[in-house]
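Fold and geometry: a report
Here are the chains, one letter per residue:
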Amino acid sequence: MALGTVTPPYELRFDAGRICLDLLATTHPMERLDTVEALCAWIVGTGLVPAGTTLGRVDVSWLAGFRELRCCVGQLVRNGSVPSAGDTPAYEGALSRLNDVARAVPPAPRAVRGTDGALVRELAAPVECAALLAVLARDAVELLTDPVARAAVRECEGNNCPLVYLDTSRGRRRRWCSSEVCGNRERVARHRRRAALARA
């Protein structure tokens, strides 16, 4: 789901390169996981569940779980693999919580015939919050423990943009969380500066 394809309260971003980093993007420029409906839109939009999955069990407790995990992932990703001395207790707490969440069993997929006879993916059991959080936590564990992937984590160079993303571009030259959002803002600002200099 690209930015701007849903109504503004549920405008969500999925361009960070890892699902755990997409979760971090739900804080900017304001809280995006502020309602059960927004969380459901994010869960479906990220592909955590197949399209058409019933999310009737989602309630406000899920919001708390997703936000807590987001906080842990943010602490771990932004502080690197070796935190500074003052950050150690918070870092260790976040790491312990991430590992606890990752222990849950993720949802089991299965292949079934769709209405047109083609195989489609669905979940073998009703969706549980702990199972979805486990998928996100395991993705974060993989990112944090893979030196190559970890080295590709970048913070957006956009003005006032705190988002992080996985730079998989050729030559590792990606500068923005999104070329269409922050990249476009930077190009517009650069054009305005050049135009102002030309007028001066």
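Going by the structure above, here's the rest.
Report on the accompanying structure. (Residues numbered from 1 in each chain as written. Predicted model: local features only at pLDDT ≥ 70, side-chain atom pairs only at ≥ 80, totals over all residues. Heavy atoms only, no water.)

Details of the overall build of the protein
Tallying secondary structure elements over the protein gives 7 helices and 4 strands in all. Along the protein, helices (α) and strands (β) appear in the sequence α-α-α-α-β-β-α-α-β-β-α when read from the amino end. Overall size of the protein, expressed as C-alpha extent along the three principal axes, is 65 × 50 × 35 Å. Pairs at least 24 apart in sequence give 55% of the contacts found in the protein among residues at least 6 apart. Total accessible area on the protein is roughly 11100 Å²; 55% of this is exposed by carbon and sulfur atoms. Each charge class in the protein was averaged separately, 27 positive and 22 negative side chains, and the resulting centres sit 8 Å apart. (Helix = DSSP H or I, 4+ residues; strand = E, 2+ residues; numbered from the N terminus. Contact = heavy atoms within 4.5 Å. Areas by Shrake-Rupley, 256 points an atom, 1.4 Å probe, with all protein chains shown as cover. Lys, Arg positive; Asp, Glu negative; His and termini not counted. Charge placed at Lys NZ, Arg CZ, Asp CG, Glu CD.)

A short note on the nonpolar core
One recurring pattern in soluble globular proteins is that nonpolar side chains are buried together. Ranked by internal contacts, the top residues of the largest apolar core, which has 54 residues, are W42, I43 and F66. Taken together, the elements giving at least two residues each to this core come down to α1 (19–24), α2 (36–46), α3 (60–79), α4 (88–102), α5 (129–145), β4 (164–166) and α7 (179–199). In this structure, W42 is in contact with L12, F14, I19, D22, L23, T26, L33, L48, F66 and L136, ignoring residues within four places of it in sequence. (Core = buried A, V, L, I, M, F, W, Y, C linked by side-chain atoms within 4.5 Å. Buried < 20%, exposed > 50% of the residue type's maximum accessible area, 1.4 Å probe, protein only.)

Let's talk about unusual backbone geometry
With an omega of 0°, the peptide bond running from H28 to P29 counts as cis. Relative to the helices and strands, P29 is located in the loop between α1 and α2. Positive phi, close to 60°, is recorded for N160, a residue that is not glycine. Looking at where N160 falls in the secondary structure, it is placed in the loop between β3 (153–155) and β4. A relative accessible area of 66% means that N160 is categorised as exposed.

Some remarks on the pairing of strand β1 (residues 109–113)
A regular strand carries its side chains on alternate faces of the sheet. Judged from the 5 bridges that link them, β1 and strand β2 (residues 119–123) form a sheet pairing that is antiparallel. Across the sheet, residue R110 finds its bridge partner in β2, namely E122. Joining the antiparallel neighbours β1 and β2 is a turn of 5 residues, in which G117 adopts a positive phi near 95°. (Pairing = 2+ DSSP bridges.)

What about α5?
Here α5 spans 24 Å end to end across 17 residues, near enough to the 24 Å set by a 1.5 Å rise per residue. Buried within α5 are the following residues: C129, A131, L132, L133, A134, L136, A137, D139, A140, L143 and L144. (Expected span 1.5 Å × (residues − 1).)

On their own, these measurements won't tell you what the molecule is for.
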